[in-house]
Structures are given as C-alpha cells and as structure tokens.
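What follows is the residue order along each chain.
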Amino acid sequence: MAGNITFTMIKPGAVKNGHIGAILNHINKGGFKIVAMKYVHLSPQMAGQFYAVHKERPFYGELVEFMSSGPIVAAVLQKDNAVEDFRTLIGATNPAEAAEGTVRKLYATSIGENAVHGSDSDENALIEANFHFSGTEMFA
Ligand code: CMP
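Small disclaimer: the values here were computed from a predicted structure and weren't measured.

## Section: the packing of aromatic side chains
Under the definition given, this model contains four aromatic pairs. Here the aromatic rings of phenylalanine 50 and tyrosine 51 are separated by 4.9 Å at their centres, their planes lie at 85°, and the arrangement is edge-to-face. Across the pair, exposure class does not vary: phenylalanine 50 and tyrosine 51 are buried alike. Through a chain of ring-to-ring contacts, the aromatic side chains of Phe7, Phe50, Tyr51 and Phe131 assemble into a single cluster. The ring of phenylalanine 133 carries lysine 38 above its face, with NZ or CZ at 4.8 Å from the centroid. Between lysine 79 and the ring centre of phenylalanine 32, over which it is positioned, the NZ or CZ distance is 5.7 Å.

Next up, the structure:
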C-alpha cells in the first residue's frame, strides 16, 4: 500500500457543523477509494499521542483539547499520488489561505479548527493509518 494511501480525519468542528456527508462527497469525487473508516471520540491521551510531533508548539494544548472535544471520522484513502492529491483537495492548513473550492476553504472556521487532517508524507500516512486501524480494519 505504501505510496498510494493517505490518512485523514474529519475534525470535531466539521462533524459538529454537519459536514461529514459533504466532505466524504469531495473525497469520492476526488477519485479516492475509502479503504478504512471509523467514527470515534479520541481521548486527550490518544489525540496527544497522534499529534506528539507538535508537542513543543505553542498550539499543542489547544490542538489536543479540540481534537478530543467530540467525535471525529478517521479514514484511510487510496489513490495514485494520494498524499499530494489529498493535500491539494483539502487546501492550505490555514483556511484563510486555502484555494477556492477546497475542503478547508468551504468547511474550516480557523487554522486550529481546520475541518480535516491530511498526512504530509507517505511515511507518515502509514504511521497514522496504523495508529488508528489494525490490519483487519483496512481493505486495500
Ligand atoms: P493538521 O493538518 O491536522 O496538523 C496539525 C494541526 O495543528 C493543523 O492541522 C492545525 O489544525 C493545527 N495548527 C497548525 N498551526 C496552528 C496554529 N498556528 N495555531 C493553531 N493550530 C495550528
């Protein structure tokens, strides 16, 4: 699977605002196959572990609190060039800088509450997919 998967989360804000269906529709229309998916409420410990790479950043506490504030949709997506193509589909981290028509431009409210997560490399996509899903929960 290496090289053609990415990992995403529809974050608590977008879930709360009723955007799960619309965001999944963008994902489908973008040509991604959903190979794993779950609806889950992360504990602060799990959210903190997932974002441990940002531990020293000033926004880490806020990020962990937000990501554990309500349920998320976690999914593994398959497509050629998945990481880069998904980052194009969702737009810049800061929705104020995201291109028109991208998921973050349409559904994010701020840089902290930016609707969706997308892996930043093939290596991290595998790490993040394996963090949330066991082998029997992925159907590539
Ligand atoms: P994500 O792609 O999930 O990866 C790390 C997250 O940290 C990012 O999306 C943002 O939601 C969040 N983040 C990055 N920069 C900032 C910032 N300056 N202030 C608050 N949150 C941020």
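Text resumes after the structure shown.
## Details of the site of the ligand
With respect to spatial proximity, the complete set of residues near the ligand consists of Lys11, Tyr51, His54, Phe59, Leu63, Thr93, Arg104, Ile111, Gly112, Asn114 and His117. Between the ligand and tyrosine 51 there is a distance of 2.6 Å, counted from an oxygen atom to a side-chain nitrogen or oxygen. Separating an oxygen atom of the ligand from a backbone N or O atom of isoleucine 111 is a distance of 2.9 Å. Relative to its unbound accessible area of 460 Å², the ligand is 80% covered by the protein chains. The residue makeup of the shell around the ligand, split by class, is four nonpolar, five polar and two charged.

## Topic: the nonpolar core
Phe7, Met9, Tyr51, Met67, Val76 and Phe133 are the most contacted members of the largest nonpolar core, which has 20 residues in total. When contributions to this core are tallied by element, the ones reaching two or more residues are β1 (5–10), β2 (33–40), α3 (44–50), α4 (60–67) and β3 (72–78). If one sorts the elements of this core by residue count, α4 sits on top with five residues. Apart from the residues lying within four places of it in its own chain, the contact partners of methionine 67 are Met9, Lys11, Pro12, Leu42, Ala47, Tyr51 and Ile72. By size, the runner-up hydrophobic cluster in this structure holds 19 residues, among which are Ala14, Val15, Val73 and Ala115.

## Points about the environment of valine 64
Inspection of the secondary structure assignment puts valine 64 in helix α4. A residue is classified by how much of its surface remains accessible, and valine 64, at 12% relative accessible area, is buried. When the C-alpha atoms of valine 64 and asparagine 28 are compared, they prove to be 28 Å apart, with 36 residues separating the residues in sequence. Residues in contact with valine 64, not counting those within four places in the same chain, are Pro44, Ala47 and Gly48.

## Details of the pairing of β3
Of all seven residues in β3, seven are buried, a share of seventy percent or more. Of the two faces of β3, the one lined by Ile72, Ala74, Val76 and Gln78 and the one lined by Val73, Ala75 and Leu77 are each fully buried. Relative to β3, β1 runs antiparallel, the two being bridged by six bridges. From the neighbouring strand, isoleucine 5 faces β3, where its bridge partner is glutamine 78.

## A short note on unusual backbone geometry
With phi around 55°, asparagine 81 is a residue other than glycine that occupies positive phi space. With respect to the helices, strands and loops of the structure, asparagine 81 is situated in the loop between β3 and α5 (82–90). A residue is classified by how much of its surface remains accessible, and asparagine 81, at 40% relative accessible area, is partly exposed. One non-glycine residue, alanine 115, adopts positive backbone phi at about 70°.

Quick notes on the rules
- Residues numbered from 1 in each chain as written.
- Predicted model: local features only at pLDDT ≥ 70, side-chain atom pairs only at ≥ 80, totals over all residues.
- Heavy atoms only, no water.
- Phe/Tyr/Trp six-rings, centres within 6.5 Å; stacked < 30°, edge-to-face > 60°.
- Buried < 20%, exposed > 50% of the residue type's maximum accessible area, 1.4 Å probe, protein only.
- Lys NZ or Arg CZ within 6 Å of the ring centre and 35° of its normal.
- Near = heavy atom within 4 Å.
- Polar contact = N/O pair within 3.5 Å; in protein donor to acceptor, adjacent residues only side chain to side chain.
- Areas by Shrake-Rupley, 256 points an atom, 1.4 Å probe, with all protein chains shown as cover.
- Nonpolar A, V, L, I, M, F, W, Y, C, P; charged D, E, K, R; others polar.
- Core = buried A, V, L, I, M, F, W, Y, C linked by side-chain atoms within 4.5 Å.
- Helix = DSSP H or I, 4+ residues; strand = E, 2+ residues; numbered from the N terminus.
- Contact = heavy atoms within 4.5 Å.
- Pairing = 2+ DSSP bridges.

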